[in-house]
Amino acid sequence: MVTTLDTYRLLGRSGLRVSPLALGTMTFGPDWGWGADKDEAQRILDLYVDRGGNFVDTANMYTNGTSEQLLGQLTQDRRDQLVIATKYTMSTRPGDPNSGGNQRKSMMRSVERSLRNLQTDYIDLLYLHSWDFTTPVEEILRAMDDLVSQGKVLYAGISDAPAWQVSRMQAIADLRGWAPLVALQIEYSLVERTVERDLIPMAREMGLGVLPWSPLASGVLTGKYTTADLDHGGGLAGVAGTRKNVAAANNSLTERGLRIADVVKAVAERNGYLPAQVAIAWTLRNPGVTSPIIGARTAAQLEQNLGALDVEFSDQDVAELEAVSAIELGFPHAFLNLPMTRAVTLGGLQLEPAPIPR
């Protein structure tokens with residue numbers, strides 16, 4: 001396990017060096033009712049950078065644009081030492097059908113706005129934020145390549161998209177000599193492990209570094225919720241109002257999520273860690289993961305979360321965490337691991353079972 005933020009890793013198949021924990025800034029700004037004000041955001045950023053951290057994540061719509069604006073104000077004296085990632089896709093003007101989506105117009109206008117908000121002339125890493133199921137992949141890739149050619153964006157990434165589309169896009173980019181995708185941002189935690197089926201193995205094969213968002217399952221894995229919090233009305237409020245609304249909207253605040261949180265708490269108490277530290281450290285065990293994204297509303301929370309870099313697991317710890325959070329592999333993974341299938345496929349060769357894709 002790495003133990004410091006300046007134990008840098010390469011991002012995907014690029015030469016870009018990033019910290020093993022990225023600082024998420026969806027908490028920068030009070031616009032959604034639960035974020036940090038400017039002074040606290042300054043303390044959070046200072047703590048992260050002073051420890052050697054260099055990888056900061058935001059998006060055009062986080063706290064209605066305040067996140068980018070605060071980040072721009074707070075990074076003027078150290079812009080070049082930071083790797084700043086932002087995203088486009090989410091709608092910024094209600095009623096305007098082209099203010100969101102994956103298309104070229106949305107991308108270009110969003111990038112120009114992000115450059116102004118961030119008070120910079122380049123974005124280190126631009127993500128497509130969420131798949132819209134309508135825009136041709138060639139349009140997306142060519143527009144990203146244009147931005148890279150112009151120097152407004154240095155690297156391209158993608159978030160929250162089907163594995164088969166991402167792998168197709170990477171193949172097209174390679175064949176046409178366009179800027180490749182170097183990063184994949186996906187939800188990944190002990191509560192959400194279905195990405196181990198295809199998305200993470202695909203990323204490793206295609207040269208994308210994996211950046212898990214919500215490694216604490218929207219706070220559920222910190223142990224702060226109980227069964228009394230399950231009566232949350234379905235999370236219809238989304239990101240506004242309270243953090244519990246976020247947990248409900250992300251489908252993390254469930255009976256299963258609480259069972260997993262109980263085991264995380266037990267492992268943490270047995271070893272003298274905090275539950276959040278155990279949960280974050282578990283994602284770092286996956287060899288496909290480059291840098292989990294950790295957010296915090298206070299510098300004290302960030303200080304605690306950075307302790308994940310010091311966590312060491314015993315075999316018993318891992319076994320308990322894996323058991324309570326286990327998922328079904330589904331087809332074709334389960335089928336291909338059947339003794340009958342392997343015997344027929346391998347012609348009678350005696351080989352160990354294929355590993356679970358991670």
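So, a few notes on the structure that sits alongside this text. (Residues numbered from 1 in each chain as written. Predicted model: local features only at pLDDT ≥ 70, side-chain atom pairs only at ≥ 80, totals over all residues. Heavy atoms only, no water.)

**So, the layout of surface pockets**
Here the second largest pocket is characterised by a volume of approximately 170 Å³. The wall of the second largest pocket is formed by Asp-160, Ala-161, Ile-186, Glu-187, Thr-194, Val-195, Arg-197, Asp-198, Leu-199 and Trp-213. Looking at the lining of the second largest pocket residue by residue, the classes come out as five nonpolar, one polar and four charged. (1 Å grid on protein atoms, 1.4 Å probe; cavity = no way out; pocket = protein on both sides within 12 Å on 5 of 7 lines; lining within 4 Å. Points joined across faces, edges and corners; volume = space filled by probe spheres on them. Nonpolar A, V, L, I, M, F, W, Y, C, P; charged D, E, K, R; others polar.)

**Quick word on a nonpolar patch on the surface**
There is a patch of nonpolar side chains on the surface, built from Phe-331, Phe-335, Leu-336, Leu-338, Met-340 and Val-344 and spanning about 660 Å² of accessible area. Where the nonpolar patch is concerned, the elements lending two or more residues are helix H12 (333-336) and helix H13 (339-346). Here Phe-331 is to be found in the loop between helix H11 (315-324) and H12. (Patch = residues over 30% accessible without salt bridge, like charges linked within 9 Å, V, L, I, M, F, W, Y side chains within 5 Å. Areas by Shrake-Rupley, 256 points an atom, 1.4 Å probe, with all protein chains shown as cover. Salt bridge = Lys/Arg side-chain N within 4 Å of Asp/Glu carboxyl O. Helix = DSSP H or I, 4+ residues; strand = E, 2+ residues; numbered from the N terminus.)

**Comments concerning the pairing of strand E6 (residues 123-128)**
In terms of residue burial, E6 counts as a mostly covered element, since six of its six residues are buried. When strand E5 (residues 83-88) meets E6, the two strands line up parallel, connected through four bridges. Opposite Ala-85, over in E6, you have Leu-125 as the bridge partner. As defined by bridge partners, E6 adjoins strand E7 (residues 153-159) across five bridges and the pair is classed as parallel. Its bridge partner being in E7, Leu-125 is matched across the sheet by Tyr-155. In this region the chain leaves E6, passes through helix H4 (residues 137-150) and returns to the parallel neighbour E7; the handedness of that crossover is right-handed. (Buried < 20%, exposed > 50% of the residue type's maximum accessible area, 1.4 Å probe, protein only. Pairing = 2+ DSSP bridges. Right-handed = clockwise from strand over helix to strand, strands pointing away.)

**Observations regarding unusual backbone geometry**
Cis peptide bonds are those with omega within 30 degrees of zero, and the linkage from Phe-331 to Pro-332 qualifies with 5°. With respect to the helices and strands, the residue Pro-332 is situated in the loop between H11 and H12. One non-glycine residue, Thr-63, lies in the positive phi region at around 45°. With respect to the helices and strands, the residue Thr-63 is situated in the loop between strand E4 (55-57) and helix H2 (66-74). For Thr-63, a relative accessible area of 1% translates into the label buried. Despite not being glycine, Asp-160 has its phi angle at roughly 55°, a positive value. Looking at the element boundaries, Asp-160 is found in the loop between E7 and helix H5 (163-176).

**A word on the sheet that holds strand E3 (residues 22-24)**
Read across the open sheet, the eight strands follow the order E9-E8-E7-E6-E5-E4-E3-E10; overall the sheet is parallel. Looking at which strands have only one partner, the edges of the open sheet turn out to be strand E9 (209-213) and strand E10 (293-295). Across the sheet, the mean angle from the axis of one strand to that of its neighbour is 30°, orientation sign disregarded. Across three bridges, E4 lies against E5 in parallel orientation. Note on E5: the bridge partner recorded for Asp-57 is Ala-85. (Axes fitted to C-alpha atoms, helices over the stretch in contact; angles between N-to-C directions.)

**Topic: the side chain of Thr-135**
For Thr-135, the location among the structural elements is in the loop between E6 and H4. Among the polar contacts made by the side chain of Thr-135, one reaches the main-chain amide nitrogen of Gln-103 at a distance of 3.4 Å. Contacts of Thr-135, omitting those with residues within four sequence positions, involve Asn-102, Gln-103 and Ile-140. (Polar contact = N/O pair within 3.5 Å; in protein donor to acceptor, adjacent residues only side chain to side chain. Contact = heavy atoms within 4.5 Å.)

**A look at the side chain of Gln-103**
Along the chain, Gln-103 turns up in the loop between E5 and helix H3 (104-118). According to the relative accessible area criterion, Gln-103 is buried, its value standing at 14%. The contact partners of Gln-103, leaving out residues within four places of it in the chain, are Tyr-88, Pro-97, Asn-98, Asp-132, Thr-135 and Glu-139.

**As for the environment of Thr-25**
Inspection of the secondary structure puts Thr-25 in the loop between E3 and helix H1 (38-50). Overall, the relative accessible area of 0% leaves Thr-25 in the buried class. With 14 residues separating them in the primary sequence, Thr-25 and Leu-11 have C-alpha atoms 19 Å apart. Apart from residues no more than four positions distant in its own chain, Thr-25 is found in contact with Val-56, Asp-57, Thr-58, Tyr-62, Ser-67 and Leu-71.

**What to know about the nonpolar core**
Among the nonpolar cores identified, the biggest contains 99 residues, and Leu-11, Phe-55, Ile-158, Leu-184, Leu-221 and Leu-302 are the most heavily contacted of them. With sequence-adjacent residues up to four places away left out, Phe-55 is seen in contact with Leu-11, Val-18, Ser-19, Ala-22, Leu-23, Tyr-48, Val-83, Ala-85, Leu-125, Leu-211 and Ser-291. (Core = buried A, V, L, I, M, F, W, Y, C linked by side-chain atoms within 4.5 Å.)

**Overview of the packing of aromatic side chains**
Both the distance between ring centres and the angle between the ring planes are used here to describe each pair of aromatic rings. In this structure the tally under the stated criterion is three aromatic pairs. Plain terms: the ring middles of Trp-32 and Trp-34 are 6.1 Å apart, the flat faces sit at 50° to each other, and that makes the pair tilted. In this structure, Trp-32 and Trp-34 share a single accessibility class: buried. Their ring planes at 45° and their centres at 5.3 Å tell us that Tyr-188 and Trp-282 sit as a pair that is tilted. Placement of Tyr-188 in the loop between strand E8 (181-187) and helix H6 (199-206) and of Trp-282 in helix H9 (residues 275-284) is noted, with a sequence separation of 94 residues between them. Take Tyr-188 and Trp-282: they sit in the same class, and that class is buried. It is Arg-79 that lies over the ring of Tyr-122; its NZ or CZ is 4.1 Å from the centre. (Phe/Tyr/Trp six-rings, centres within 6.5 Å; stacked < 30°, edge-to-face > 60°. Lys NZ or Arg CZ within 6 Å of the ring centre and 35° of its normal.)

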